[in-house]
Amino acid sequence: MTYTSTMAFHVNCSVQSRPSPFENIVRFKNRLSSSYKPLLKELQQLPMQLDVSKSIRNASVKLLDAFVDSLFQFADQPVLPSQSNFAPVDELNEPLAITSIEGKVPYDFPEGVYIRNGPNPLFGGLKSTSSVFGKTGHMWIEGEGMLHALCFDKDGDGETWTVLYNNRHVETETFKLEKQRDKPSFLPAIEGSPPAILIAYLLNMLRFGKVNKDLSNTNVFEHSGKFYSIAENHIPQEIDIFSLQTLGDWDINGTWHRPFNSHPKRAPGTGELVVFGVDAMKPFMELGIVSADGKRLVHKADLKFNRCTLSHDMGVTERYNVVMDFPLTIDIQRLIKGGPLIKFEKEEYARIGIMPRYGNADSIRWFEVEPNCTFHILNCFEEGDEVVVRGCRSLESIISESCDVDLDKFEWVSGRLRSKGPVEQDPKHFKNDELLFCRSYEWRLNMETGEVKERNLTGTQLSIEFPMINPNFNGVKNKFGYAQTVHGLASATSGMPKFGGLAKLYFEETANKEWEESEGHIKVEYHEFEGNTFCTGAAFVPKEGGLEEDDGWIITFVHDEDTDTSKVYIIDTKNFTSEPVAKITLPCRVPYGFHGAFMPIPSHK
């Protein structure tokens, strides 16, 4: 499975300004379910008047901050040498011109911007805390997010390329708060011992009105000619792609208040944007539809889940929304009882819901499937009576029961990848990576009969994540898919995910090599990187006027760990196994990250 955006989730509430502790107590009481009431016995005795003077408000904030500072001690989480390119970098003051390109940028490559998100925590890196309640630690996906951009612009002669690199932090509310304080302020509240997580959860809510930092798995997308960044618990912000500075909030007329997930999907045909949000408290999941012009929230529905599913992606077809309800859950009640905040409950149900575009919870057609973790959908489409769903599926979760990791031994969220003992085995599988890593998978859901057909598309030889397709085929039937391939040894050695190549999936052709377990499996081509070189943020760039679905390029950030050099590769998808047509050496190191996107932008913009 993926360990980047697969792990992207939140248990926080979105606010636009920092409220006082008194206001937070009121909000906190109103939102908590009955299971929280025993914890709030003392809080209920506190005064609830909101018309306190500014000086009292400021004093209360300082007192609470001083209390937290005396109770929790921050420390840097250790970093292994093999984890060095997961470390953060500084912001650039201005765009840097690229002077080293091996090969050449194709003449028919579109002008535009290639952007990739990723974690870039402030104050030196990921933090852990220790207290009388135990320890808590940050996951790799937490903390401040940074966008890395490569801008492609043709000169007037139409032959010469100007390529610039830039990076910027995403200016979420939590980023601004910690910059203002100039020190770590948010207590890690996801990983560690249950008592410490619970206390950190409560204190963050009282101090900041949200449980944890805005997560670093920020998505960037274009909608109606404008560009937006979305941190998972933050309202979309319009951004200037070139400077990567936040211009302002887009709150869809103030009617949408659920945290956004990082994978909005554009509906084929209409151009509407389908979004969804997940929260640790009811309503656990809501879905919304934004008008094609980007100005209005035209539909909103509570999907009436009875648990908080750690869902990270959704799908669309021409008529339907596709929602995933799989048994990797966030459960505060479980945490209160001393269990993990996050757990994969393989004995629980797993289901895929097919929902009419403007439907509600009652109109969803649910299909029971085998329990699994699927964080990224490759594509969904309608074929006859069936809705076909293709994604990256694992049988276990690397982030399940993360309270067991040892925060002093480099294990972070990846403790299960570096597990000292075996993961609980399914009789059909023998290696940990067969449970924790994702395979290309297909579900066929018959809307007439209710029948479900499941199959592994590529066998167990190939572990993939961060799938992509030609975006012009999103929601309709497609022939090709692409993904990053997991480098098992490098991932196990570092305890962090590393991707040593790319794969091209041929959905309408069968495998013809013995080791590809060709019985019923599809054809796969590989583009493997040299040495200790690993990629992140790969994206498909369609060729303008291309005649076939795979007319285009894959563009990706790569890092050579032997030379500590970062580059961007451009690979011709028609000649997928060949050398990249261009290797662009970047002027500084780019840490490993998550998702990439290419947005064509005319040169005059």
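So, how was this worked out
Residues numbered from 1 in each chain as written. Predicted model: local features only at pLDDT ≥ 70, side-chain atom pairs only at ≥ 80, totals over all residues. Heavy atoms only, no water. UniProt positions renumbered as here; feature names shortened; annotations may be inferred. Core = buried A, V, L, I, M, F, W, Y, C linked by side-chain atoms within 4.5 Å. Buried < 20%, exposed > 50% of the residue type's maximum accessible area, 1.4 Å probe, protein only. Helix = DSSP H or I, 4+ residues; strand = E, 2+ residues; numbered from the N terminus. Contact = heavy atoms within 4.5 Å. Pairing = 2+ DSSP bridges. Expected span 1.5 Å × (residues − 1). Polar contact = N/O pair within 3.5 Å; in protein donor to acceptor, adjacent residues only side chain to side chain. Axes fitted to C-alpha atoms, helices over the stretch in contact; angles between N-to-C directions. Salt bridge = Lys/Arg side-chain N within 4 Å of Asp/Glu carboxyl O.

- Looking at an unreviewed UniProt entry, one finds the protein named Carotenoid 9,10(9',10')-cleavage dioxygenase-like and attributed to Populus alba x Populus x berolinensis.
- For the record of the protein, the UniProt heading Sequence similarities (unreviewed entry) holds the text "Belongs to the carotenoid oxygenase family."

## Notes on the nonpolar core
1) Next: In terms of nonpolar packing, the biggest core is built from 74 residues, with Leu287, Leu303, Leu328, Leu341, Ile342, Leu502 and Ile554 touching the most fellow members.
2) Next: A total of 8 residues in this core trace back to one element, the largest contributor, which is helix α4 (residues 194-208).
3) Next: Leaving out residues up to four positions away in the same chain, leucine 328 has contacts with Cys308, Thr309, Leu310, Ile342, Lys343, Phe344, Cys373, Phe375, Ser397 and Ile399.
4) Next: By size, the runner-up hydrophobic cluster in this structure holds 22 residues, among which are Leu92, Trp161, Ile555 and Phe598.

## Some remarks on the sheet that holds strand β21 (residues 328-330)
1) Next: The 3 strands are arranged β18-β21-β22 in an open sheet whose pairing can be described as antiparallel. With partners counted over all chains shown, the strands left at the sheet margins are β18 (308-309) and β22 (342-344), one partner each.

## Concerning the pairing of strand β31 (residues 499-510)
1) Next: Of all 12 residues making up β31, 9 are buried, and the element is well covered by its neighbours.
2) Next: Across 7 bridges, the pairing between β31 and strand β32 (residues 522-528) is antiparallel. Following the sheet pairing, lysine 504 is matched in β32 by glutamate 525.

## A few points about α4
1) Next: Over its 15 residues, α4 extends 21 Å from the first C-alpha to the last, a length consistent with the 21 Å expected when each residue adds 1.5 Å.
2) Next: Of all 15 residues that make up α4, 13 are buried, and the element is covered over most of its length.
3) Next: A positive backbone phi angle near 80 degrees is found at glycine 209, which sits one or two residues after α4.

## Details of the side chain of asparagine 117
1) Next: Structurally, asparagine 117 can be placed in strand β4 (residues 112-119).
2) Next: The class for asparagine 117 is buried, based on a relative accessible area of 3%.
3) Next: For asparagine 117, the side chain forms a polar contact with the main-chain nitrogen of histidine 595, separated by 2.7 Å.

## Section: the sheet that holds strand β29 (residues 464-468)
1) Next: Read from one edge of the open sheet, 4 strands run β29-β30-β31-β32, paired in antiparallel fashion. Strands with a single pairing partner mark the edges of an open sheet, and in this sheet they are β29 and β32. Adjacent strand axes in the sheet meet at a mean angle of 30 degrees when their direction is disregarded.

## A look at the pattern of salt bridges
1) Next: Overall, the coordinates contain 25 salt bridges when judged by the stated rule.
2) Next: One salt bridge connects lysine 265 with aspartate 313, and the closest N-O pair in it is separated by 3.1 Å. Taken together, the residues span a long stretch of sequence, with lysine 265 in strand β14 (residues 265-266) and aspartate 313 in the loop between β18 and β19 (315-316) at a distance of 48 residues. Take lysine 265 and aspartate 313: they sit in the same class, and that class is buried.
3) Next: Linking arginine 334 and glutamate 345 is a salt bridge whose minimum nitrogen-to-oxygen distance equals 3.5 Å. Remark: glutamate 345 occurs in the loop between β22 and β23 (350-356) and arginine 334 occurs in helix α5 (residues 332-336); sequence separation between them is 11 residues.
4) Next: With relative accessibility at 11%, the residue arginine 334 sits in the buried group.
5) Next: Taking relative accessible area as the criterion, glutamate 345 reaches 23% and is therefore assigned partly exposed.
6) Next: Beyond isolated ion pairs, a larger network of salt bridges with shared partners links Glu383, Glu386, Arg390, Glu442, Arg444, Arg455 and Lys477.

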